[in-house]
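Below, each chain spelled out in residue letters.
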Amino acid sequence: MYAERASRLRGAVVWSRDLPGPGSGPGFGDESGSARGAVLPDGCMDLLWTAGRLLVAGPDTRPFVPDGVSGGWVGVRFFPGTAPAYLGVPANELRDQRVELTDLWPASDVRRLTARIDGAADPVDALEEVALLRAADAEPPDPLLREVVAALDAGRPVAGTADELGLSARQLHRRSLVAFGYGPKTLARVLRLQRALALARDGVPFAETALRAGFADQAHLARDVQELAGATLGELVGHR
């Protein structure tokens, strides 16, 4: 069963899943947007825990199919662009990857944190506390990044977004690689995909979904969904 709630860390979400057997695994988030058990690109990165392990899920540009590891998982899903400041690693170095936290932080620190969460009465709260403490010790994320997300999620063009924020196209691209793991055009496509999924799940007809989400037409929507999610929109929302 999957559950999530807003985190005390601004913009983040804390989630948990207890699903033994195939379909559980690193970066396995909300099943409502998954086809065949895949995790879809959403612009986010996650800090993950399962008994005895801490991992990081990097930003995805394609559907991620978890391995068949059994057991429950807990995650903190960071707001787009914020995880690199907290985790201390550029997002583009983790793109389309799930890595052990020991590859990023000192092994002794990770062992201590893992043992703390393993022994906690509520691993969800314990993992969230790890994220909160880490965020408190880190330099805050660049506030401009939230403006980038807001502008692109509103459907504004990349060039116009750069101009509005006083950046050159090259500067925006460079900052986006570090913060989001890919350039602003890819981020805009990922955010548009998520807008389309939300509309379609709410029962909006696919042709109307395409227009409201910012696609040229339904065929454009179908191509982008297939490329980014590896499935049709009907498969993703349970319609055939």
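Please read these numbers as outputs of a predicted model, since none were measured by experiment.

Novice: Explanation requested: the nonpolar core in the structure shown.
Specialist: Taken as a class, soluble globular proteins show a tendency for nonpolar side chains to be buried jointly. Membership of the largest hydrophobic core comes to 30 residues, with the highest contact counts inside it found for Leu9, Leu47, Leu54, Val56, Val76, Phe78 and Leu127. Top contributing element to this core by residue count: helix α3 (residues 123-137), with seven residues. Discounting residues that sit within four places of it in the chain, Val56 has contacts with Met45, Asp46, Leu47, Leu87, Leu94, Gln97, Arg98, Val99, Leu101 and Leu104. Of all hydrophobic cores here, the second largest spans 19 residues; its members include Ala38, Leu193, Ala213 and Leu236.

Novice: Just checking my understanding: could you explain the packing of aromatic side chains for this structure?
Specialist: Ring pairs (aromatic) are described by centroid distance and by the angle formed between their planes. One pass over the structure, following the stated rule, counts two aromatic pairs. Where Phe78 meets Tyr86, the ring centres are 5.7 Å apart and the plane angle is 50°; that geometry is what we call tilted. Taking the relative accessible area as the measure of exposure, Phe78 reaches 2% and is therefore buried. Of note, Arg98 hangs over the ring of Phe64, and the distance from its end group to the ring centre comes to 3.8 Å. The cationic tip of Arg192 hangs over the ring face of Phe215; the distance from NZ or CZ to the ring centre is 4.3 Å.

Novice: I would appreciate a short explanation of the pattern of salt bridges in the present structure.
Specialist: All chains considered together, the criterion is met by 18 salt bridges. A salt bridge links Asp153 to Arg195, with the shortest nitrogen-to-oxygen separation between them at 3.2 Å. One end of the pair, Asp153, is in helix α4 (residues 144-153); the other, Arg195, is in helix α7 (residues 184-201), with 42 residues separating them in the sequence. Overall, Asp153 belongs to the partly exposed group, its relative accessible area being 34%. The closest approach of N and O atoms between Glu227 and Arg189, which form a salt bridge, is 3.6 Å. With Glu227 in helix α9 (residues 218-229) and Arg189 in helix α7, the pair connects residues that are 38 residues apart, well separated along the chain. When its relative accessible area of 21% is taken as the criterion, Arg189 is described as partly exposed. The network of salt bridges with shared partners includes Arg5, Arg8, Asp125, Glu128 and Glu129.

Novice: Any chance you could explain the sheet that holds strand β5 (residues 72-78) here in plain terms?
Specialist: The strand order across the open sheet built from six strands is β1-β2-β5-β3-β4-β6, with neighbouring strands paired in antiparallel fashion. At either margin of the open sheet sits one strand with a lone partner, and together these are β1 (2-6) and β6 (98-100). On average, adjacent strands in this sheet sit at an angle of 20° to one another, irrespective of strand direction. Strand direction decides the pairing type here: strand β3 (residues 45-50) and strand β4 (residues 53-57), joined by five bridges, are antiparallel. Its bridge partner lying in β4, Asp46 is registered against Ala57. Sheet contacts for helix α2 (residues 107-118): β3 and β4; angle to β4, the most-contacted strand, approximately 105°. Across the sheet, α3 lies against β1, β2 (13-18), β3, β4 and β5, angled at about 35° from β5, the strand it touches most.

Novice: How do you make sense of unusual backbone geometry when you look at a structure like this?
Specialist: Most peptide bonds adopt trans geometry, and most residues besides glycine take a negative phi value. The phi torsion at Asp96 lies on the positive side, around 60°, for a residue other than glycine. Positionally, Asp96 belongs in the loop between α1 (83-87) and β6. A relative accessible area of 18% means that Asp96 is categorised as buried.

Novice: Explain the packing of α7 against α9 here, please?
Specialist: Between two packed helices, both the angle of their axes relative to each other and the distance between the axes serve to describe the pair. Orientation of α7 relative to α9, taken along the N-to-C sense of each, is 110°, at an axis distance of 10 Å. In this view, α7 runs roughly perpendicular relative to α9, as classed from their interaxial angle. In this structure, α7 uses Arg189, Val190, Arg192, Leu193 and Ala196 to contact α9, whose residues at the interface are His220, Leu221, Asp224, Val225, Glu227 and Leu228. Among the residues making up the contact of α7 with α9, the classes are represented as six nonpolar, one polar and four charged.

About the cut-offs
- Residues numbered from 1 in each chain as written.
- Predicted model: local features only at pLDDT ≥ 70, side-chain atom pairs only at ≥ 80, totals over all residues.
- Heavy atoms only, no water.
- Core = buried A, V, L, I, M, F, W, Y, C linked by side-chain atoms within 4.5 Å.
- Buried < 20%, exposed > 50% of the residue type's maximum accessible area, 1.4 Å probe, protein only.
- Helix = DSSP H or I, 4+ residues; strand = E, 2+ residues; numbered from the N terminus.
- Contact = heavy atoms within 4.5 Å.
- Phe/Tyr/Trp six-rings, centres within 6.5 Å; stacked < 30°, edge-to-face > 60°.
- Lys NZ or Arg CZ within 6 Å of the ring centre and 35° of its normal.
- Salt bridge = Lys/Arg side-chain N within 4 Å of Asp/Glu carboxyl O.
- Pairing = 2+ DSSP bridges.
- Axes fitted to C-alpha atoms, helices over the stretch in contact; angles between N-to-C directions.
- Parallel < 35°, antiparallel > 145°, perpendicular 65-115°, else oblique.
- Nonpolar A, V, L, I, M, F, W, Y, C, P; charged D, E, K, R; others polar.

Keep in mind these values describe shape, not function.
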